[in-house]
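Topology and contacts: notes
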Amino acid sequence: MSSPADEYRAVLARLTALDAAAAGHRAEAVAWHDGRVAAAGDALRAADDTVREAAAAVRAAQRDLEEVDARAAGLWSDFVHRVGPAAERFGRTVPQPALPRQRSALSADDYLQEVAAKIGWTPPARPLTGATTTVFAVFGAIGGVLGMAAHQLLRWAGAAAGGDWAVALPVVALIALVLGPVIAVFAAKRVADRRGAELNAAAVTTVLVAGLVTAGLLVGALRGF
């Protein structure tokens, strides 16, 4: 039989072994906990970085969207200016964007450049025809008649007013006589723009010569009376 001292030593040895095992388990648990805490911290920092990158991407996308909207509004304004009231059938403001039916590799900038090229394209001016030249001559004649009418009216007003007006208004009347054909050139320019024709130097000369000849003939006819 074992003595009480031997039993005591055996129990003490078992308690010592159990304490050592428990210490090992505690160290393992602490290490596992510390590892989980570190992993969670890394995951949290990675999530924060992802959130910041996503927020920056959203801000960049918003800036790009605002830039695209501003360019689209400018192109729409140019389109309305060139087309005129006919563009109102698409709306008074920029139409809402629409997704293409087929996926395309083109970016928004590519589409905007394509639209700008189409809007900026100007068809070649049509050559002047005989009818258009006749219209320009008629404009010049009308300008000559109007200039002559203003000339006579100013001369009559100067003669009626007397004094300094009788000297100044005839000079103004001569200027008005010359301005009649010049104003007719601007009217002819509007007609040429609507018809897509070019108002070249020959056309301007036609308007001015027609106006001055008409005014000269009227001056000569009035002096003959």
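What you see is a predicted model, and the numbers here were worked out from it, not measured in a lab.

The subject of this paragraph is the overall build of the chain. Regarding its fold elements, the chain presents five helices and zero strands. When the helices and strands of the chain are read in sequence order from the N terminus, they spell out α-α-α-α-α. Looking at the chain as a whole, 16% of its 225 residues qualify as buried. For the chain, the proportion of contacts with a sequence separation of at least 24, taken over those separated by at least 6, is 66%. When the accessible surface of the chain is summed, it comes to about 16,700 Å², and 66% of that surface belongs to carbon and sulfur atoms.

A word on the pattern of salt bridges. By the definition in use, this model includes two salt bridges. The residue Asp 42 makes a salt bridge to Arg 45 at a minimum N-O spacing of 2.2 Å. You can see Asp 42 and its partner Arg 45 sitting in helix α1 (residues 4-83), three residues apart, about one turn around the helix. Across the pair Asp 49 and Arg 52 runs a salt bridge, and its minimum N-O distance is 2.1 Å. A residue pair is termed a helical-turn pair when its members lie 3 or 4 positions apart in one helix, as Asp 49 and Arg 52 do in helix α1 at three residues. Owing to a relative accessible area of 51%, Arg 52 belongs among the exposed residues under this scheme.

As a further point, take the nonpolar core. Counting seven residues, the largest nonpolar core is built from Phe 136, Ala 184, Val 185, Ala 188, Ala 192, Ala 203 and Val 207. When contributions to this core are tallied by element, the ones reaching two or more residues are α4 (164-195) and α5 (201-224).

Further remarks concern the environment of Thr 93. Structurally, Thr 93 is set in the loop between α1 and α2 (108-120). Judged by its relative accessible area of 57%, Thr 93 is exposed. As a C-alpha pair, Thr 93 and Trp 76 span 17 residues in sequence and 7.9 Å in three-dimensional space.

With that settled, the discussion passes to the confidence of the model for the chain. Looking at the chain as a whole, the pLDDT averages 77, with 80% of positions reaching at least 70. The spread of mean pLDDT over the elements of the chain runs between α5, the lowest at 74, and α1, the highest at 85.

Moving on, we come to a nonpolar patch on the surface. Residues Val 171, Ile 175, Val 178, Leu 179, Val 182, Ile 183 and Phe 186 make up a contiguous nonpolar surface patch of about 650 Å² in total accessible area. Within the secondary structure, Val 178 is located in helix α4. Residue classification places Val 178 among the partly exposed residues on the basis of a relative accessible area of 46%.

What counts, and at which threshold
- Sequence positions are assigned chain by chain, starting from 1 and proceeding in written order.
- Only residues with pLDDT of at least 70 are given local features in this predicted model, and only at 80 or more are side-chain atom pairs given and counted; all residues enter the totals for whole chains, interfaces and linings.
- Note that water and hydrogens are dropped before the side-chain values are worked out from all heavy atoms of the structure.
- Under the DSSP-based scheme used, a helix requires at least four consecutive residues in state H or I and a strand at least two consecutive residues in state E, with every element numbered from the N terminus.
- Using a 1.4 Å probe on the protein chains alone, a residue whose accessible area is under 20% of its type maximum counts as buried, one over 50% counts as exposed, and one in between counts as partly exposed.
- Whether two residues are in contact is decided by their heavy atoms: any pair within 4.5 Å suffices.
- We get accessible surface area from the Shrake-Rupley algorithm with a probe of 1.4 Å; when it comes to residues, only the shown protein chains can shield them.
- Salt bridges are identified by distance alone: a Lys or Arg side-chain nitrogen within 4 Å of an Asp or Glu carboxyl oxygen.
- Residues enter a nonpolar core if they are buried and are Ala, Val, Leu, Ile, Met, Phe, Trp, Tyr or Cys, with the set joined through side-chain atoms within 4.5 Å.
- Within a predicted model, pLDDT stands for the predictor's per-residue confidence, ranging from 0 to 100.
- The patch calculation keeps residues exceeding 30% relative accessible area without a salt bridge and links them within 9 Å when they carry like charges or within 5 Å when they are nonpolar (Val, Leu, Ile, Met, Phe, Trp, Tyr).

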